[in-house]
Amino acid sequence: MKAAVVEKLGSVEIKQGVPVPPLKNGQARVRVHYCGLNFADALMVAGQYQVKPKLPFIAGSEIAGEVVELGEGVTNLRVGDRVFGMTSGGLAEQAVAHASTLMPIPASLDYAQAASFPIVYGTSHLALVHRANLKEGQTLLVLGAGGGVGAAAVQIGKALGATVIAAASSDEKLAIAKRMGADHLINYSTENIRDKVKEFCGTHAAVDVLYDPVGGALFEDAFRTLKWGACLLVIGFASGTIPKLATNLCLVKNLTVHGIFWGSYFQNDPQTVMMSLGDLSAMLERKQITPFPSQVYPLSQAAEALDSLVKRRAKGKVVVQCAESTTDSPSRHIQSKL
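Criteria and cut-off values
- Residues numbered from 1 in each chain as written.
- Predicted model: local features only at pLDDT ≥ 70, side-chain atom pairs only at ≥ 80, totals over all residues.
- Heavy atoms only, no water.
- Buried < 20%, exposed > 50% of the residue type's maximum accessible area, 1.4 Å probe, protein only.
- Helix = DSSP H or I, 4+ residues; strand = E, 2+ residues; numbered from the N terminus.
- Arc of directions from axis to C-beta.
- Contact = heavy atoms within 4.5 Å.
- Phe/Tyr/Trp six-rings, centres within 6.5 Å; stacked < 30°, edge-to-face > 60°.
- Lys NZ or Arg CZ within 6 Å of the ring centre and 35° of its normal.
- Axes fitted to C-alpha atoms, helices over the stretch in contact; angles between N-to-C directions.
- Parallel < 35°, antiparallel > 145°, perpendicular 65-115°, else oblique.
- Nonpolar A, V, L, I, M, F, W, Y, C, P; charged D, E, K, R; others polar.
- Pairing = 2+ DSSP bridges.
- Core = buried A, V, L, I, M, F, W, Y, C linked by side-chain atoms within 4.5 Å.
- Right-handed = clockwise from strand over helix to strand, strands pointing away.

(A) The arrangement of helix α5 (residues 171-179) in detail. Within α5 the residues assigned to the buried category are Lys 173, Leu 174, Ile 176 and Ala 177. Within α5, the buried residues cover an arc of 150° as seen down the axis, which keeps them to one side. Every exposed residue of α5 that faces more than 90 degrees away from the buried side is listed here: Asp 171, Glu 172 and Arg 179. Packed against the buried residues of α5 are α4 (148-159), β10 (163-168), β11 (184-187) and β15 (293-298). Immediately beyond the C-terminal end of α5, within one or two residues, lies Gly 181, with a positive phi of roughly 110°.

(B) Quick peek at the packing of aromatic side chains. With the rule as written, the count across this model stands at five aromatic pairs. Between Trp 262 and Phe 266 the ring centres are 5.0 Å apart and the planes differ by 90°, which places this aromatic pair in the edge-to-face class. Among the residues examined, Phe 266 registers a relative accessible area of 27% and is labelled partly exposed. Counting every residue linked through ring pairs, the aromatic cluster contains Phe 84, Phe 117 and Tyr 121. Over the ring of Tyr 111 we find Arg 82; its NZ or CZ atom is 5.1 Å from the centre of that ring.

(C) Expanded view of the packing of helix α1 (residues 39-46) against helix α11 (residues 302-310). It is the contact of α1 with α11, at a shortest axis distance of 9 Å, that shows an interaxial angle of 105°. Viewed along their axes, α1 and α11 adopt a mutual orientation that is roughly perpendicular. Counting all contacts with α1, which are made through Phe 39, Asp 41, Ala 42 and Val 45, the residues of α11 involved are Leu 306, Leu 309 and Val 310. For the contact of α1 with α11, the per-class residue count stands at six nonpolar, no polar and one charged.

(D) How the structure looks around the sheet that holds strand β13 (residues 226-234). Overall, parallel pairing links the six strands, which are arranged β11-β10-β9-β12-β13-β14 in an open sheet. Lying at the two open borders of the sheet, with one neighbouring strand each, are β11 and β14 (256-259). Between one strand axis and the next, the sheet turns by 15° as a mean value, whatever way the strands run. When β10 meets β11, the two strands line up parallel, connected through four bridges. Its bridge partner lying in β11, Ala 168 is registered against Asn 187. Sheet strands touched by α4: β9 (139-142), β10 and β12 (207-212). Its angle to β9, the strand with the most contacts, is close to 170°. The strands touched by helix α6 (residues 193-201) are β9, β10, β11 and β12; relative to β11, the strand with the most contacts, the crossing angle is about 160°.

(E) Spatial organisation of the environment of Gly 259. Mapped onto the elements of the fold, Gly 259 is located in strand β14. Between the C-alpha atom of Gly 259 and that of Arg 131, which follows or precedes it by 128 residues, the distance is 9.0 Å.

(F) A look at the nonpolar core. The biggest cluster of nonpolar side chains holds 52 residues, and the ones touching the most others in it are Leu 128, Leu 140, Tyr 211 and Leu 233. Here the element with the most residues in this core is helix α3 (residues 118-131); it accounts for six residues. If you look at the next biggest cluster of nonpolar residues, it comprises 34 residues, including Val 67, Leu 299, Ala 302 and Val 320.

(G) Fine view of the pairing of β13. Sheet analysis places β12 next to β13, joined by five bridges and oriented parallel. If you follow Val 207 over to β13, its bridge partner there is Leu 226. Each parallel crossover has a hand, and for β12 linked through helix α7 (residues 218-223) to β13 it is right-handed. For β13 and β14, the ladder comprises four bridges, and the chain directions are parallel. Its bridge partner being in β14, Leu 232 is matched across the sheet by Val 257. Taking the sense of rotation as the criterion, the β-α-β connection linking β13, helix α8 (residues 247-253) and β14 turns out right-handed.

Laid out in structure tokens, this is it:
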């Protein structure tokens, strides 16, 4: 099969004739139509992620496709089912995954949308609902709001009834946040976050929940927009810089700080993550959220797709088409590299 293989850290090669992964008890083999990419995938390729697969490995962890074979003991799936979920080795024509990590794709979603769903919406929902307890009428500030996880946070925040301030590095990325429902927009390449928050809300310290997947130089100004009793959600460090936290302000303002590593919930608190995914499925059915794959690459350009995340050129959610032919069409998505 064709796959995106990492034989040395920092390099991805598209190879033909890669052995099909063996199928074990409790697993399903999936013909991968699309693989969603996240910043964590790029970090894993570089050897900078907390999870370090043994070399060589196939990149990618978020898949959507069709079940083509079942291992012994699998009762919740059938051959031919459309599924999405998490596994390793997703940037390939076929992947295997434990059946418990695969879920049926709702009829309202195509494969590209389904590959855009699990990680970014799972992370954002768990962070905003289960950690921050975001309420209707509160103010949510989302950094990196034009990226995959940020755009999902904007959508979920609006679905929960919050006023959402979306901050991103370009007008193009802010257009995505606006499409997701953001109430206010900040281009932090040209505008000051604290000044814009005061303009929107009447005070510098108006934010109930700060959602930060970026870190870096933006953090301090954004952090100072938090009001008394507010919550900081540490999602990631796409800027490449881990900021320092002024714990004296945490004391003075009685702030709560939550770190969110969504993948760790599967080992430590699977009940909560499955409850969260169930809530998200209900939100999908009510059309409160819609996954938004804005950039689609072919498998032959998987390295370029990953590089767009590293260099922060990506706008919205990046997905890679892995199947040579698929009934899906990416025509409705903003940009296609096919």
